[in-house]
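Chain and residue survey
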Amino acid sequence: MALDMEKLNAFVGRFVGDLGATAHAGMVVIGEKLGLYKALSSQPMTSAELSAKTSTDERYVREWLASQAAGGYVTYDEKAGKFSLSEEQAFTLANEDSPAYLPGAFELALGSLAAVPRITESFRTGAGMGWHEHDEGVFHGCEKFFRPGYAANLVSSWIPSLDGIQQKLESGARVADVGCGKGASSILMAQAFPNSHFFGFDYHDQSIAGARDSAKRQGLADRLTFEVAKAKEYPGTDYDFVTVFDSLHDMGDPVGAATHVLQSLRSDGTWMIVEPFANDDLKDNLNPVGRVYYSFSTLLCTPCSRSQEVGLCLGAQSGEARIRDVVTKAGFRRFRRAAETPFNIVYEARP
């Protein structure tokens, strides 16, 4: 076998980067949970100063800081012997209100990886794994991962891209948020449109319990209701607006869920579907974003769908054509791409 050493070295270099990133995910989660990033964002510190401020052990903090500096997540000043966060590092690692807040993605990744032994067996058996069966880090990380993008785009651009919905929400609308998880999307909409009433539905009881607690803390419980319900069975009719955020592809029977959405809408109602960004052809998704979504889809989305009835397994990179097929098979007559970001596509469906 004649090896091209240049190509081999390049591939090994990629492996080293990936291995470091895999271990680094744990470092980011530790930094977020212990408040290390937030503390470091205030001023440059030595490991001793940071450990004192965060009530942590200096030796562990010293090793953690070295890993962060080596990965470019923390800045090291050799002369001063201190570590700090640049404006950009603080924006993405210490500011939870930032649209580019990153730690949630790593918590989601670590939680997902806990399922590797079971998913490995699923490759042999074809068995599914329900969302509720995953590590708790999946639920917490998912909310932290998606909320910044929703906060940056939902009210400012996604809702305005839909025909007439912003005006309805401002006047007072009846809204169902299906597959709401821990309620980040529902809460953002309720905060922005005080004249409307929102109903969040998810089959995962623990997520709904967390969503209810969040609604109470935000003072929204009087017009934001969370209930445990499946996408094909959630209660209520005559909704002006139904939303499904990053979860249609997880459903075992998305056509059945879409049919129920149509039945629950008013005749002039609108369904907004937010899905991970994906092109229709595999070759067009072979990029860093596609790599992230295909990997999560292997660990989370496809097993989740396989664990349910029908088990269509759209996957997180289903693309517009497959989503259109699901929506039109359910009886919706109008469907269009309304907006997009590098990470999401927003579709509008109407009766």
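Residues numbered from 1 in each chain as written. Predicted model: local features only at pLDDT ≥ 70, side-chain atom pairs only at ≥ 80, totals over all residues. Heavy atoms only, no water.

Labelled according to an unreviewed UniProt entry, the protein appears under the name SAM-dependent methyltransferase, originating from Tunturiibacter lichenicola.

What about unusual backbone geometry?
Not every positive phi belongs to a glycine, and Asp246 is a case in point at roughly 50 degrees. Mapped onto the elements of the fold, Asp246 is located in the loop between β6 (239-245) and α12 (254-264). Residue class for Asp246 comes out buried when judged on its relative accessible area of 7%. Residues other than glycine seldom take positive phi values, yet Val310 does so here, at roughly 70 degrees. Summarising the element assignment, Val310 is placed in the loop between α13 (288-306) and α14 (319-329). (Helix = DSSP H or I, 4+ residues; strand = E, 2+ residues; numbered from the N terminus. Buried < 20%, exposed > 50% of the residue type's maximum accessible area, 1.4 Å probe, protein only.)

A closer look at the layout of surface pockets
A volume near 1200 Å³ is recorded for the largest pocket. Ala105, Phe106, Ala109, Val292 and Phe296 are, among the 37 residues lining the largest pocket, the residues nearest its centre. Broken down by secondary-structure element, the contributors of at least two residues to the lining of the largest pocket are α1 (5-33), α6 (103-113), α8 (136-158) and α13. The element that contributes the greatest number of residues to the lining of the largest pocket is α13, accounting for nine residues. Taken together, the residues that form the lining of the largest pocket break down as 27 nonpolar, eight polar and two charged. Residue-level mapping places the lining of the largest pocket at the junction of two domains, with at least three residues from each of domain 1 (5-94) and domain 2 (102-350). In this structure, the second largest pocket spans a volume of roughly 880 Å³. Taken together, 46 residues form the lining of the second largest pocket, with Trp131, Gly179, Asp202, Ser247 and Asp250 sitting closest to its centre. For the lining of the second largest pocket, the secondary structure elements donating two or more residues are α8, α10 (184-192), β4 (197-202) and α13. Broken down by element, the lining of the second largest pocket gets its largest block of residues, six residues, from α8. (1 Å grid on protein atoms, 1.4 Å probe; cavity = no way out; pocket = protein on both sides within 12 Å on 5 of 7 lines; lining within 4 Å. Points joined across faces, edges and corners; volume = space filled by probe spheres on them. Nonpolar A, V, L, I, M, F, W, Y, C, P; charged D, E, K, R; others polar. Domains from an automatic or database assignment.)

So, a nonpolar patch on the surface
On the surface, Met1, Leu3, Met5, Leu8, Val12, Phe15, Val16 and Leu19 cluster together to form a nonpolar patch covering roughly 850 Å² of accessible area. Within the secondary structure, Met1 is located in the segment before α1. (Patch = residues over 30% accessible without salt bridge, like charges linked within 9 Å, V, L, I, M, F, W, Y side chains within 5 Å. Areas by Shrake-Rupley, 256 points an atom, 1.4 Å probe, with all protein chains shown as cover. Salt bridge = Lys/Arg side-chain N within 4 Å of Asp/Glu carboxyl O.)

Considerations on the pairing of β6
Burial of β6 is extensive: seven of the seven residues sit out of reach of the surface. Pairing of β6 with strand β7 (residues 265-276), which is carried by six bridges, proceeds in the parallel orientation. Note on β7: the bridge partner recorded for Val244 is Ile273. For the crossover from β6 across α12 to β7, the handedness is right-handed. (Pairing = 2+ DSSP bridges. Right-handed = clockwise from strand over helix to strand, strands pointing away.)

What to know about the domain arrangement of the protein
Taken as a whole, the protein is organised into domain 1 (5-94) and domain 2 (102-350). Placing a centre on the C-alpha atoms of domain 1 and another on those of domain 2 gives a separation of 32 Å. Contacts between the two partners involve 10 residues from domain 1 and, on the opposite side, seven residues from domain 2. It is Val29, Glu32 and Thr92 in domain 1 that bury the most area against domain 2; as a group they hold 39% of the surface buried on that side. On inspection of domain 1 and its partner domain 2, the count reaches three salt bridges. (Contact = heavy atoms within 4.5 Å. Buried area = accessible area lost by both parts, 1.4 Å probe.)

A few points about the sheet that holds strand β8 (residues 334-340)
Within a sheet, neighbouring strands are paired by backbone hydrogen bonds and run either parallel or antiparallel to one another. Pairing is mixed across the open sheet formed by seven strands, whose spatial order is β5-β4-β3-β6-β7-β9-β8. Looking along the sheet, the strands with just one partner apiece sit at the ends: β5 (224-228) and β8. For this sheet, the mean angle separating the axes of adjacent strands, direction not counted, is 20 degrees. In terms of strand pairing, β7 meets strand β9 (residues 344-350) through six bridges, oriented antiparallel. Within β9, the position partnered with Val274 by the bridge is Val346. (Axes fitted to C-alpha atoms, helices over the stretch in contact; angles between N-to-C directions.)

Here we look at the environment of Arg350
Mapped onto the fold, Arg350 is located in strand β9. A residue is classified by how much of its surface remains accessible, and Arg350, at 17% relative accessible area, is buried. Every residue in contact with Arg350, bar those within four places of it in the chain, is listed here: Asp163, Asp268, Gly269, Thr270, Phe332, Arg333 and Arg334.

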